[in-house]
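Coordinates in review
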Amino acid sequence: MKTLIAKAPVLSSPVVLSFVALAGLVLIAQSRSSGFLSVPHVGVILGIAAVLGIAGAAQTVVVLAAGIDLSVGAIISAADVLTVQWTGGNDVPILVVLLIVFLGAAAGALNGLGISLLGINPMVMTLGMAAVVGGLALVVTNGQSGGSPHPLVSDAMTTRFLGLPGTVYVWIAVAAATVVLLRYTELGRNIYAFGSNAKAAEIAGLRRGTTLVRVYAISGGFAAIAGVVLAGYTGTGAYGIGEQYTLMSVAAVVIGGASILGGRGSYAGTIAGVITLVVLDDVLSAAAVPIAGRQIVQGIAILLILVLYGRERRLRTTS
């Protein structure tokens, strides 16, 4: 078997393996419920997956640059609440949405500055930013939660076209932007260069500080978009609603075959990871597994990620 895989490198591709695993999971789900692949249910699955998919795009660009962004969940939560609070009575909600996305990108840029200029560890910097963003959101909204976003925002996220809600089309736009960024731009090439070997990239004349600021700004902007989408899809705002997406986005990236140490992977793999996680949760829910059980499964997945992280770090150190 190993020989066959070695002779067929496509079969050993992490992205291909991710989609093969996803296909297997879908077949299991379809065997348990004949309506799993029906258009309405697929629309529900993808609608739910959209927020995680956008959060996964944010995490992908950072992880490929050998970083991590633990502020993704906090920015999603803040954007969710601000969307409800600021667009509800506003006559021009699109301007408010653009402002929220800009604020998310600004928070991300601050992450990049702290990491590149001050030499702060990415985990520490982004975790601290998560606390700051959460606190500022409480101050700006006076601690008020609930309510409803502007009808235009809700309608844009929930109205179905070709059987799919608007959230999916926002995800498609973000996915297209991410693929173009990583494959066809100078910044994309720099991301892979620094993720593979930061010292070699700097020797080649690439600017690490500028790259990191741009990468984390993109991550923050994408996270804010995810928060806006979440507010429109759920029709309400709630503090802490985005916390689950921090580790879930990292899990999606790793399940999709990206190296947690950077330099290897693609957003196509992340998409497979995102849908795998959502389908798995749907299968467990259909099997009447309680929320506690689903959380245990997610916890096991996170532990496996940490094991893979430690193993890969040792391999890179000894190679």
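Residues numbered from 1 in each chain as written. Predicted model: local features only at pLDDT ≥ 70, side-chain atom pairs only at ≥ 80, totals over all residues. Heavy atoms only, no water.

1. Re the overall build of the protein
Along the backbone of the protein there are 14 helices and two strands. The buried share of the protein, reckoned over its 319 residues, is 45%. Residue pairs at least 24 apart in sequence account for 78% of intrachain contacts in the protein once pairs closer than 6 positions are excluded. (Helix = DSSP H or I, 4+ residues; strand = E, 2+ residues; numbered from the N terminus. Buried < 20%, exposed > 50% of the residue type's maximum accessible area, 1.4 Å probe, protein only. Contact = heavy atoms within 4.5 Å.)

2. What about the side chain of Asp 80?
With respect to the element layout, Asp 80 can be found in helix α4 (residues 72-87). A distance of 3.2 Å separates a polar side-chain atom of Asp 80 from the backbone nitrogen of Ala 231. (Polar contact = N/O pair within 3.5 Å; in protein donor to acceptor, adjacent residues only side chain to side chain.)

3. Examining the side chain of Thr 270
With respect to the secondary-structure elements, Thr 270 resides in helix α13 (residues 267-286). Using a relative accessible area of 0% as the deciding quantity, one classes Thr 270 as buried.

4. Some words on the packing of helix α5 (residues 93-117) against helix α11 (residues 208-234)
The N-to-C vectors of α5 and α11 enclose an angle of 145 degrees; their axes lie 6 Å apart at closest approach. Handedness of the α5/α11 crossing: right-handed. From α5, Val 97, Ile 100, Val 101, Gly 104, Ala 105, Gly 108, Ala 109, Asn 111, Gly 112, Leu 113, Ile 115 and Ser 116 reach across to α11, where they touch Arg 208, Gly 209, Leu 212, Val 213, Tyr 216, Ala 217, Gly 220, Gly 221, Ala 224, Ile 225 and Val 228. Class assignment of the residues belonging to the contact of α5 with α11 gives a composition of 14 nonpolar, eight polar and one charged. (Axes fitted to C-alpha atoms, helices over the stretch in contact; angles between N-to-C directions. Left-handed = near helix turned anticlockwise from the far one by under 90°. Nonpolar A, V, L, I, M, F, W, Y, C, P; charged D, E, K, R; others polar.)

5. Re the nonpolar core
With 68 residues, the main nonpolar core has Ile 76, Trp 171, Val 215 and Val 279 as its most contacted residues. Tallying contributions element by element places helix α3 (residues 39-64) first for this core, with 13 residues. Val 215 has contacts with Val 61, Val 62, Ala 65, Leu 187 and Ile 191, leaving out every residue within four places of it along the chain. By size, the runner-up hydrophobic cluster in this structure holds six residues, among which are Leu 70, Val 250, Val 254 and Leu 261. (Core = buried A, V, L, I, M, F, W, Y, C linked by side-chain atoms within 4.5 Å.)

6. Observations regarding unusual backbone geometry
If you check the backbone angles, Ala 66 has positive phi at about 70 degrees while not being a glycine. Tracing the backbone through its elements, the reader meets Ala 66 in the loop between α3 and α4. Unlike most non-glycine residues, Leu 162 shows phi in positive territory, near 60 degrees. Mapped onto the elements, Leu 162 comes out in the loop between β1 (160-161) and β2 (164-165). For Leu 162, a relative accessible area of 68% gives the class exposed.

Worth remembering: the numbers are spatial, not functional.
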